[in-house]
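Letter by letter, the chains look like this.
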Amino acid sequence: MGVTAYNTLVYSLLVLSILVCAAGSGIHCANIIPFGVEQIVDLQSEEENGNGHDRYTKISRAIHLLYFFRNLGCLFTFVAISSLQEHEWTVGFCIPFLCSVISAVPLFLGKKYFVVNVPRVNTSSIFINVIREGYKLSKVTGISVDSRLHYLDYARRDYGGNHDKEDVNAVKRLLKLIPYLSIYMVYFLLYSQMHTTFYIQGLFIKTPSYFPYAGAEAVNNITIMLLIPLVIYKIYPYWRRKYGPLSPLLKSQVGFALIALSMVVAGVLEYFRILHSDPTYNEAARVRLHFYSLLDITVNQSLEFYMRFPQYFLVAVSEVFTVIVALKLAYIEAPRQFKSVSMGILYMFNALGTLIAAAVLLLTQLVTYFAFDGHGWICQDLNVGRMYYYFYLVCGFMVVNMVVLSFKSEFYEFDFSI
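Let us look at the structure shown here. All values reported here derive from a predicted model rather than from experimental measurement. (Residues numbered from 1 in each chain as written. Predicted model: local features only at pLDDT ≥ 70, side-chain atom pairs only at ≥ 80, totals over all residues. Heavy atoms only, no water.)

**With respect to the overall build of the chain**
Note the following rule: Segments assigned H or I by DSSP are reported as helices when at least four residues long, segments assigned E as strands when at least two residues long, and all are numbered from the N terminus. Two residues form a contact once any of their heavy atoms are found within 4.5 Å. Here the open area of atoms and residues is found with the Shrake-Rupley method and a 1.4 Å probe, where only the protein chains shown may cover a residue.
When helices and strands are tallied, the chain shows 14 helices and zero strands. Sequence-ordered secondary structure for the chain, helices as α and strands as β, is α-α-α-α-α-α-α-α-α-α-α-α-α-α. For the chain, long-range pairs separated by at least 24 residues make up 77% of all intrachain contacts whose partners lie at least 6 apart in sequence. Carbon and sulfur atoms make up 67% of the accessible area of the chain, which totals about 22100 Å².

Structural data, given as structure tokens:
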């Protein structure tokens, strides 16, 4: 096999693996919270009891618990698997595969013991068909016939459509929720920096051989695991007794402010990393960077690896106040038959935020390339770049997002609070 054919095969397999991972992740993320909550909380009996506050409290704790175990798995990934992947890719990728197989076994063996509410029809199809039919019939009938009607009402049977009033009202409620889920897109733009620019920054900071470059993310996971019990059993109950319930969007604002602050901290760290870089040739560091194909970089490592921890800590605290709230918002505020659809929409905004982050990064490189003598803010050798400007830029995006959120919060009344 020639070099060209071999490269084509490698890249084809890489793209295929990414698509398979994306499909699996999308299906998993959209359903794991609804499925997990149903195992922990008896939703039917809670609805019959009619105590809304207790019901929301139990659902909230269930989502916190699921997020706790998610970070427990991530902790294993960033400590154990990333250490292996720095030395042997094959073993590093085989372990996640085996973990996936092992985690799937209880789902198949214990299928009859799980609580599974199978929808009567495909809810995604209902969501799409109601919107399409309502829009189409409103144009045919003329929405001005009754100004009190929402265009989706024309999808109802009593107005000539094919759907029940309950389904149409559920779609209307979900559509009203979507703009508020979209505000988290900018948050996920900043959050993706933890897996990209934070990581790249770590390659140029003095790191001992026993500590993987991705290991700093363990600080994020450990912080979340410590904070979740604290907020559930101490902080939130104390706040409720002392000051009353706290709006979910106000909690999100706190998380937004914290992740914006983490960008500032990362920018300051990057500035001093360049300012106090050590020109001494570091052979051990160069060997590790060789594994990442960074072959032509002068390794100027001066700051210690633990100086990266504060920015990961701030992202972790922001997650507890923002991501968990977003999950609760997508689950509790969505109609019962559309909870998985709502979760899927939230993770769609997650993906869009990450894509926009990639676009912003590329655009920043292109725009700043000529401003710094052929070196943009972010280039292969960060020692000649100005990546701290990029951190301040994305921080500015979040400040704008917080201003927008402050206006949006006046137009939505939530069913739950802490």
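From this point, the narrative continues.
**Looking at the pattern of salt bridges**
Quick note on the threshold: One side-chain nitrogen of Lys or Arg within 4 Å of one carboxyl oxygen of Asp or Glu is enough to make a salt bridge. Residue exposure (1.4 Å probe, protein chains only): buried if accessible area is under 20% of the type maximum, exposed if over 50%, otherwise partly exposed.
As enumerated under the stated definition, the model contains five salt bridges in all. In this structure, K172 engages D153 in a salt bridge whose closest nitrogen and oxygen atoms are separated by 3.2 Å. Here the residue K172 occupies a position in helix α6 (residues 165-182), and D153 occupies one in the loop between α5 (123-141) and α6, the gap between them amounting to 19 residues. When its relative accessible area of 25% is taken as the criterion, K172 is described as partly exposed. Notably, a salt bridge pairs R157 with D164, separated by 2.1 Å at the nearest N-O pair.

**Topic: the environment of V116**
Assignment of secondary structure puts V116 in the loop between α4 (89-109) and α5. Remark: the alpha-carbon pair of V116 and P34, spanning 82 residues in sequence, is separated by 9.8 Å.

**Description of the side chain of S318**
Selection criterion: Any pair of nitrogen or oxygen atoms within 3.5 Å is treated as a polar contact; in protein, a donor-acceptor pairing is required on top of that, and neighbouring residues in sequence qualify only through side-chain atoms on both sides.
Mapping S318 onto the fold places it in helix α12 (residues 309-332). Assessed through its relative accessible area of 0%, S318 is described here as buried. At a separation of 2.8 Å, a polar atom in the side chain of S318 contacts the side chain of Y187. Discounting residues that sit within four places of it in the chain, S318 has contacts with Y187, G255, L258, I259 and V323.

**Here we look at a positive patch on the surface**
Filter applied, for reference: What goes into a patch is any residue over 30% in relative accessible area without a salt bridge, connected to like charges within 9 Å or, for nonpolar side chains (Val, Leu, Ile, Met, Phe, Trp, Tyr), within 5 Å. When charges are counted, neither His nor the chain ends are considered; positive counts come from Lys and Arg and negative counts from Asp and Glu. Throughout, a charge is located at the NZ atom of Lys, the CZ atom of Arg, the CG atom of Asp or the CD atom of Glu.
A contiguous patch of positive charge on the surface is contributed by R61, K234, R240 and R241. In terms of residue count, the dominant contributor to the positive patch is helix α9 (residues 217-243) (three residues). Here R241 shows up in helix α9. Residue R241 is classed as exposed on the basis of its relative accessible area of 63%.

**Here we look at the environment of Q365**
Along the chain, Q365 turns up in helix α13 (residues 339-368). Taking relative accessible area as the criterion, Q365 reaches 29% and is therefore assigned partly exposed. For Q365 and H375, which are ten residues apart along the polypeptide, the C-alpha to C-alpha distance reads 8.4 Å. Side-chain polar atoms of Q365 contact the backbone oxygen of I378, separated by 3.2 Å.

**Let's talk about a nonpolar patch on the surface**
On the surface, a cluster of nonpolar side chains totalling about 660 Å² of accessible area is made up of L261, V264, V268, Y271, F272, L275, Y389 and Y392. Those elements giving two or more residues to the nonpolar patch turn out to be α10 (248-275) and α14 (387-408). A per-element tally of the nonpolar patch places α10 first, with six residues. In this fold, V264 is placed in helix α10.

**Some remarks on α10**
Quick reminder of the rule: Under the convention used throughout, the expected extent of a helix is 1.5 Å for every residue step, that is, one less than its residue count.
Over its 28 residues, α10 extends 41 Å from the first C-alpha to the last, a length consistent with the 40 Å expected when each residue adds 1.5 Å. The opening residue of α10, the one whose side-chain oxygen lies 3.2 Å from the backbone nitrogen of L249, is S247.

**Observations concerning the packing of aromatic side chains**
Defined as follows: Here a Phe, Tyr or Trp ring, Trp counted by its six-membered ring, pairs with any other such ring whose centre lies within 6.5 Å, and the pair is stacked when the planes are under 30 degrees apart, edge-to-face when over 60, and tilted otherwise. Here, over-ring charges are defined by two tests on the NZ atom of lysine or the CZ atom of arginine: distance to the ring centre within 6 Å, and angle to the ring normal within 35 degrees.
Within the structure shown, the criterion is met by 18 aromatic pairs. Pairing F68 with F69 gives two aromatic rings, centres 5.4 Å apart and planes at 85°, and the pair type is edge-to-face. Using a relative accessible area of 49% as the deciding quantity, one classes F69 as partly exposed. Over the aromatic face of Y331 sits the side chain of K339, whose NZ or CZ is 4.5 Å from the ring centroid.

**Things to note about the side chain of R156**
For R156, the position within the fold is in the loop between α5 and α6. Those residues in contact with R156 that lie beyond four places of it in its chain are G161, H163, D164, K165 and V168.

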